[in-house]
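Observations on the three-dimensional arrangement
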Amino acid sequence: MKILYTDRQLGMFEELQLSATPISEACKILDEVLSDRNLVRELAVDIPKTVVGRNRMSAERILRILILRHQKQLSYRSLERQLKYDIEDRWFCLVNENVPCFKTLQNQLALISEDTIKKINGRVLSIARAKKITQGKRLRVDSTVTEMNIHYPTDASLIQDGIRVIHRLIEKSGIKKISLKKLKSKLKKPFALLRTIGRRNKEVRKKMLEKIVSIGEEVVAKTKNIKNKIIAGYHALLRRVVKQGSKVLQGITVIKDRIVSVFEPAARPIRRGKAGKSTEFGQVVQIQEDEVFVTNWQISPAKNDEAFLAQAMSRHKKLFQKAPREVATDRGYWTPENFTLLKREKVKHISLPKKGKLDPQEKQRQRNYHFKKLQRWRAGGEAKISWLKRKFGLRRCLDKGEFSYGRWVGAGILANNLMVLTKMMT
């Protein structure tokens, strides 16, 4: 049965604990914000109705547990432990009885979609507008990369991952006609040589990769007729990885739609020219802000900043019923069409640097006081992205799957917005 709301019922022991350690003011304000039943109704859409079995956790409690997890960056096991022993978190999450095990928490949170979190975030922003915390006078956009939880990909390691997973699934499903034990054991020697000699010797590295690719081709040929859907999916990925390896042996270095993980096929190699990490493996997250909050975000496999600016303007007008007075971006968002769009929307001050060589008129525009001031404000967007990565988990997604990736990014941004809202209300 689907339950929407939960009443707070404290036992005698919990009341004694709360009298000794009272609830903080920020936690009380956040509790008041999340008591809005519209937020709970938005989340309840993702929770299916059940006729048999035990009742699910209430939608209100699931929402609070999701926020707590991302505000404190907890794993599911740590989340279970936190709800057992921290009285303030128990009070906030409306835990009236025994805490569910970590697996139940994981299954309940896995139901939430990114679209639902966007709707909840919109409700939170409407609360902020009603309290006149934000008015939507400014808009800035920037992009970053949230990595997926994968190891550094090499063609050899990806082939090994594919063979290992298919071997495990075949044994688990009880298919006795096909055995990959001998082929799997053949990989040990090439990998040992790659780790020791192959790092320094290109010829040895090439020979070992040839052996690993040939073993991968044998596994692909041996398992091509398996009808199990899960094994067939990994078989298709292994076949693509083996083709990648053979192309590298032929001297082809640029491969379109390169697979970088057997476990996270949606991960993309993204080069951003950073000094510490030249290539990141995940997806691009476009982030849109007003004066105070992150108002919108978009996840895409490739960096396409120019197309996002028009969507950001449309979203801003939908939220605030008006265009912003000031817009600030970096030059990655520049196109003549985008500049014309901002002019057409009657944006008073536009801080959109032009790409390429500047003519005298453009130089004069970029020397303007408002242009420079807005560029300084735009630089604060880098600080906000750093804050989201350090405090709310946007550096790396620890959940598996593309659906979970969207939820992870959205929940981190929602947790940040709620924390900012409680500070402003305090």
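Now for a quick tour of the structure. None of the values given here were measured: they were computed from a predicted structure.

A few words now on the environment of N416. Among the secondary structure elements, N416 is positioned in helix α18 (residues 402–425). Judged by relative accessible area, which is 0%, N416 ranks as buried. Between the alpha carbons of N416 and Q71 there is a distance of 7.4 Å; along the sequence they are 345 residues apart. Excluding anything up to four places from it in sequence, N416 contacts V294, K384, W387, L388 and F392.

Side chains of K357, K363, R367, K372, K373 and R376 sit close together on the surface and give a patch of like positive charge. Assessed through its relative accessible area of 36%, K373 is described here as partly exposed.

What follows concerns the packing of aromatic side chains. Counted according to the given criterion, the structure contains three aromatic pairs. Look at Y152 and F281: their rings are 5.5 Å apart centre to centre, the planes differ by 85 degrees, and that puts the pair in the edge-to-face class. With Y152 in the loop between β1 (138–148) and α9 (155–173) and F281 in strand β3 (residues 279–289), this pair connects stretches of sequence that are 129 residues apart. Classification of F281 as buried rests on a relative accessible area of 9%. Arranged with centres 6.1 Å apart and planes meeting at 70 degrees, the rings of W387 and F392 form a pair that is edge-to-face. Judged by relative accessible area, which is 28%, W387 ranks as partly exposed. It is R64 that lies over the ring of F92; its NZ or CZ is 5.4 Å from the centre. Its guanidinium or amino end placed over the ring of W377, R140 lies 4.6 Å from that ring's centre, counting from NZ or CZ.

Analysis parameters
Residues numbered from 1 in each chain as written. Predicted model: local features only at pLDDT ≥ 70, side-chain atom pairs only at ≥ 80, totals over all residues. Heavy atoms only, no water. Helix = DSSP H or I, 4+ residues; strand = E, 2+ residues; numbered from the N terminus. Buried < 20%, exposed > 50% of the residue type's maximum accessible area, 1.4 Å probe, protein only. Contact = heavy atoms within 4.5 Å. Patch = residues over 30% accessible without salt bridge, like charges linked within 9 Å, V, L, I, M, F, W, Y side chains within 5 Å. Areas by Shrake-Rupley, 256 points an atom, 1.4 Å probe, with all protein chains shown as cover. Salt bridge = Lys/Arg side-chain N within 4 Å of Asp/Glu carboxyl O. Lys, Arg positive; Asp, Glu negative; His and termini not counted. Charge placed at Lys NZ, Arg CZ, Asp CG, Glu CD. Phe/Tyr/Trp six-rings, centres within 6.5 Å; stacked < 30°, edge-to-face > 60°. Lys NZ or Arg CZ within 6 Å of the ring centre and 35° of its normal.

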